[in-house]
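Reading the structure
The lines below spell out each chain.
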Amino acid sequence: MFESYYQDDIDAVNAKFEAQKIAFAPLSFQAARALRDFGILELVSKSRRKGITVKEISEKTGLSEYGVGVLMEMGLGMGMLKLKKDSPEDNLLYTLSKVGFFVMTDDMTRVNMDFSEDVCYAGADDLAESIKNGKPEGLKHFGKWTTVYEGLSQCSDQFKKSWFGFDHFYSDLAFPEALPIVYSKPVKRLFDIGGNTAKWAIQCCKYNPDVQVSIIDLPGQTAVAEKNAKAAGFENRISTIPCNVLDSTTEFPKGADAIWMSQFLDCFSLHQITKILKKIHPAASSETDIYVLEPIWDKQRFEAAAYSLQATSLYFTCIANGNSKMYRFNELKNAIEDGGFELKEAHHNLGINCYTLFRFRKK
Ligand SMILES: C[S@@+](CC[C@H](N)C(=O)[O-])C[C@H]1O[C@@H](n2cnc3c(N)ncnc32)[C@H](O)[C@@H]1O
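Bear in mind that the values here come from a model prediction, so they are computed numbers and not experimental data. All chains use their own residue numbering, which begins from 1 and follows the written sequence. Owing to the predicted nature of the model, reporting of local features is limited to residues with pLDDT of at least 70; listing and counting of side-chain atom pairs is limited to 80 or more, with chain, interface and lining totals taken over all residues. To get the side-chain values, take all heavy atoms of the structure and skip hydrogens and water.

**A closer look at the overall build of the protein chain**
The helix count covers DSSP runs of H or I at least four residues long, the strand count covers runs of E at least two residues long, and both are numbered beginning at the N terminus. Of the regular secondary structure elements, the protein chain holds 16 helices and nine strands. Overall, the protein chain is about 75 × 45 × 40 Å in size when its C-alpha atoms are taken along their principal axes. Type-normalised accessible area, obtained with a 1.4 Å probe on protein chains alone, sets the label of each residue: buried when under 20%, exposed when over 50%, and partly exposed for intermediate values. For the protein chain, the proportion of its 363 residues judged to be buried stands at 50%. Taking as baseline every contact in the protein chain between residues at least 6 positions apart, the subset at least 24 positions apart corresponds to 68%. Accessible areas in this description were obtained via Shrake-Rupley with a 1.4 Å probe; residue shielding takes into account the shown protein chains only. On the protein chain, roughly 18400 Å² of surface is accessible, and the fraction owed to carbon and sulfur atoms is 54%. Here Asp and Glu are counted as negative and Lys and Arg as positive; His is not counted, and neither are the chain ends. For charged residues, the charge sits on one atom: NZ in Lys, CZ in Arg, CG in Asp, CD in Glu. Looking at the protein chain, you have 43 positive and 47 negative side-chain charges, and the mean spots of the two groups are 3 Å apart. Here, two residues are considered to be in contact whenever any of their heavy atoms come within 4.5 Å of each other.

**Here we look at the pairing of strand β3 (residues 189-193)**
Within β3, four of the five residues are buried, which leaves it mostly tucked inside the rest of the structure. Two strands are said to pair when DSSP picks up at least two bridges between them. Bridging between β3 and strand β4 (residues 212-217) involves five bridges; their strand directions are parallel. Counterpart to L190 in the pairing with β4 is V213. If the strands point away from the viewer and the path from the first strand over the helix to the second runs clockwise, then the crossover is right-handed. Handedness of the crossover joining β3 and β4 through helix α12 (residues 199-207): right-handed. Direction of pairing for β3 relative to strand β6 (residues 258-262): parallel, over a ladder of three bridges. In the strand pairing of β6, F191 is matched with I259.

**Structural notes on the environment of G151**
Inspection of the secondary structure assignment puts G151 in helix α9 (residues 148-151). Owing to a relative accessible area of 0%, G151 belongs among the buried residues under this scheme. Residues G151 and Q221 lie 70 residues apart in sequence; the distance between their C-alpha atoms is 9.8 Å.

**Focus on the site of the ligand**
Being near a molecule or strand, for a residue, comes down to having at least one heavy atom within 4 Å of it. Taken together, 18 residues lie near the ligand, and D167, N196, D217, Q221 and S262 sit nearest. Identification of polar contacts relies on pairs of N or O atoms within 3.5 Å, with a donor-acceptor requirement for protein atoms, meaning one able to donate a hydrogen and the other able to accept it, and with residues adjacent in sequence counted only if both atoms are side-chain atoms. A distance of 2.7 Å separates an oxygen atom of the ligand from a polar side-chain atom of N196. Relative to its unbound accessible surface of 590 Å², the ligand loses 95% to contact with the protein. Ten residues, namely Ala, Val, Leu, Ile, Met, Phe, Trp, Tyr, Cys and Pro, are considered nonpolar, four, namely Asp, Glu, Lys and Arg, are considered charged, and the remaining ones, Gly among them, are considered polar. For the shell around the ligand, the per-class residue count stands at nine nonpolar, seven polar and two charged.

**Considerations on the environment of P209**
Within the secondary structure, P209 sits in the loop between α12 and β4. On a C-alpha basis, the gap between P209 and I181 in space is 16 Å, while along the polypeptide they are 28 residues apart.

Everything listed is a geometric property; what it means functionally is a separate question.
Dropping the structure here:
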């Protein structure tokens, strides 16, 4: 855990400032997005140390001086922009700050911002209701589904672009480091539960010439996975099993050397996780390795990453399903062990987003 989680050593003046950042978060978020998407940050960046005025940006973007002015003043307050030293009081010269630089160029920030806007923003207003009702009340803005996963393949292109951009950005970066761990032992048959678009399955086939992968996911996703597997030339090695893992009738087939669940268990409550693992139990032998790849917030190296995960939990609350989240190491481990498994090893810090790869076997 980060030391700052135990210490409250901020002074009152700064604490009050932090409180205002929270109070105005929806507006500052939209201002930051507008500064990015109107290309204002880029223009400020290009002006380098010389700096640039509101008027010049207004001329270059075709936006009103008023509009550019309010955005840039907020950018200054948010620390995304700075003023050039000795810039004339009547004609302020703005430069790009380090924060502005990250908002403009950093992949994680871009992916998180697009996800916040296109997937979470409308439904965030329904967060409190979602908590009261234990349902993702914000999902109604997109369709009449119980969980986002049921409707994912039918959502708008903008929604899907940001959802998949977010999903893939996080787990994909850990895959290359997970592959040598999973294939350090012979794996002829792997089940990828929650295999989504077949990204991992395709990487497995490329990495290991012998493995056969079965993707277990909801029908909307397995249809996409089949298409992608075919396009990658692996239709003979990647098969799909469309099903809802929560249905009482769903049984997992036997015969896997490894069962893989990447960013899958965070779609369920701890109680459901234990139930899923109890279902997997009869399908696994004493030699079957159960791999779980998850971003764990108390195993992050940087507070910014832990913060992103804590915020992502709220997406699960108001959009995804109303009952899951990004887990702490022990709570997830215990829920899986309660399903009849035992943790054998855990690798931390996989990929730049510090994923944890757990390996379990039957008790
Ligand atoms: C966050 S995505 C993870 C995708 C991929 N494994 C990765 O690492 O990027 C979660 C996946 O779990 C699937 N899923 C969620 N609830 C499910 C359910 N009840 N039954 C089957 N699959 C489900 C979703 O359709 C989705 O493909």
